Each structure stands twice: as structure tokens, then as C-alpha cells.
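An overview of the molecular structure
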Amino acid sequence: MKADAEAGKTNTVLPETQAYPRWLRVGFCACIVIAVAVVLRRTVALAHPAQSGPPQLAKLDAAFASHAALTLAHIFPALAFVLLTPFVYIRRFAGAAWPKRFLFPLGLVVGVTAYAMSKYSVGGWVERSAVVLFNSLFLFSLFRAWQLRRDPVLSLRWMTRAIAILLGIATTRPVMGIFFATSRVTHLSPEQFFGIAFWIGFSINTLVVELWLRSQAGKSQIERMAMYPLS
């Protein structure tokens, strides 16, 4: 009877985990797909430089090719990080320790190489300032998630912040696409709009996820997911 009462109490506090909001799941999946596509495209471009194509893209490919080793050292760990992120939120793996064991060191490598990559910023100081700010927030969030790893709720909240910031690089791509598509009208070159795209893309992800985390629905969802293995 006592065990039944305790089980009933647990079920009251931790109800059946509900799905994350559709808009959040769609955005999350879209960012993962875009991030994977970006890494694959960059890898192919480094291995097989295009002999023809838009001059602006050719110039960008050449810029990344000038520091190919650093680029690969950055994008491959980032790809691994992105592919592991779904396992943090899939209910079947709730409470599993192995995803985070990989995410923490991968995130550290991504963050350190991002600082190094900023030396070659296409968008100059505007892009570099965005990288320094959001990369610092990413590493801080990752550190807090590790520091609070014994508190599953707080750790998951900080890990979610880190993941959202990192996936901001995917959000910058559609923004860049808009700038590329309107360049004939705006007369802006990649050197002029890359930094703006970085600020817009990373800001969208950071602010949207932060607002959701602070909402009642977000707090409840994170708590249910973090505590589910203990129920």
C-alpha cells in the first residue's frame, strides 16, 4: 500500500511526458537538417573546389580553403554534436548518460575552434563580434550544464540553451540566402552582410528558446523530461 501511494504521488507530480510544441520540433529538426547539409556542402567544396559557379560563392569557398584544416577541425565536431542533440530529448533515452559524455568534449572543441575561425571572419568585425558573444554564451551554457549535472532539471535547461545557440549557425543560412537573393537590389557583398546574418540567426535561436524556457510550458516540459527517468 505504501509503495502504491508513493507511485501515485510520483505520477501526480510527474505526469506522462507530453510532446514538445510542434513549432519547436519543426524548428529543431530544420536546424539539424540545415546544419548537416552545410557541413556536407563545405566538406565537398574543400575536397573538390568548384571550377564554375557564382563568383560570390567561389570567393567564399576560396576563403575557407585558405584554412581548410581549421575549418574541418571545427565542422566535424560540430556535425557530431548536432547529430547527438536529438538523443538529449528523445524519451527513450531519457536519463542516458552517454549523449552528454560526448556532447561536453565535442562542444568544447567546437567552441575553441570557433574562436580560432573568427580570425578569418568573412564579415569582418561585425561577424567576429557575433561569434565571440554567442560562442562565449554557448561555452558558458555548456559549462553550467556540466557544473549542474547532478541537478537534472537545471542541467537540461542549460544544455538546451547551449544546443539552441549552436544551432543558430543553421538559422543564419536562410538569412544569408535572403541576402544573396536580394544582392542585386541591395548591392551588398558577403563581406557586408555575413556579420548581419550571423547576428540575426544566432539572436533568433537564442531569444526564442530562452523565452520558451522561461514560459510555464517550457519549465514544465523541461522538468518532466529531466525527471522522467526518476519517476
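Notes on the structure follow. (Residues numbered from 1 in each chain as written. Predicted model: local features only at pLDDT ≥ 70, side-chain atom pairs only at ≥ 80, totals over all residues. Heavy atoms only, no water.)

1. A few points about the nonpolar core
Core analysis: the biggest nonpolar cluster contains 50 residues, and Phe-81, Phe-138 and Met-159 have the highest contact counts within it. Looking at this core, the element that brings in the most residues is helix 8 (residues 152-166), giving nine residues. (Core = buried A, V, L, I, M, F, W, Y, C linked by side-chain atoms within 4.5 Å. Buried < 20%, exposed > 50% of the residue type's maximum accessible area, 1.4 Å probe, protein only. Helix = DSSP H or I, 4+ residues; strand = E, 2+ residues; numbered from the N terminus.)

2. Here we look at a nonpolar patch on the surface
Among the surface-exposed residues, Trp-23, Ile-196, Ile-200, Ile-204 and Val-208 lie close enough to one another that they form a single nonpolar patch of about 410 Å² accessible area. Per-element accounting of the nonpolar patch gives the leading share, four residues, to helix 11 (residues 190-214). The topology assignment puts Trp-23 in helix 2 (residues 22-47). (Patch = residues over 30% accessible without salt bridge, like charges linked within 9 Å, V, L, I, M, F, W, Y side chains within 5 Å. Areas by Shrake-Rupley, 256 points an atom, 1.4 Å probe, with all protein chains shown as cover. Salt bridge = Lys/Arg side-chain N within 4 Å of Asp/Glu carboxyl O.)

3. A word on the packing of helix 2 against helix 3 (residues 55-65)
Remark: helix 2 packs on helix 3, axes separated minimally by 10 Å, with the N-to-C direction vectors making an angle of 80°. One finds that helix 2 runs roughly perpendicular with respect to helix 3. Along the contact surface, helix 2 presents Arg-41, Arg-42, Ala-45 and Leu-46, while helix 3 presents Asp-61, Phe-64 and Ala-65. By residue class, the composition of the contact of helix 2 with helix 3 is four nonpolar, no polar and three charged. (Axes fitted to C-alpha atoms, helices over the stretch in contact; angles between N-to-C directions. Parallel < 35°, antiparallel > 145°, perpendicular 65-115°, else oblique. Contact = heavy atoms within 4.5 Å. Nonpolar A, V, L, I, M, F, W, Y, C, P; charged D, E, K, R; others polar.)

4. Quick notes on the side chain of His-67
In this fold, His-67 is placed in the loop between helix 3 and helix 4 (68-84). Sequence-distant contacts of His-67, that is, excluding residues within four places in its chain, are made with Met-117 and Tyr-120.

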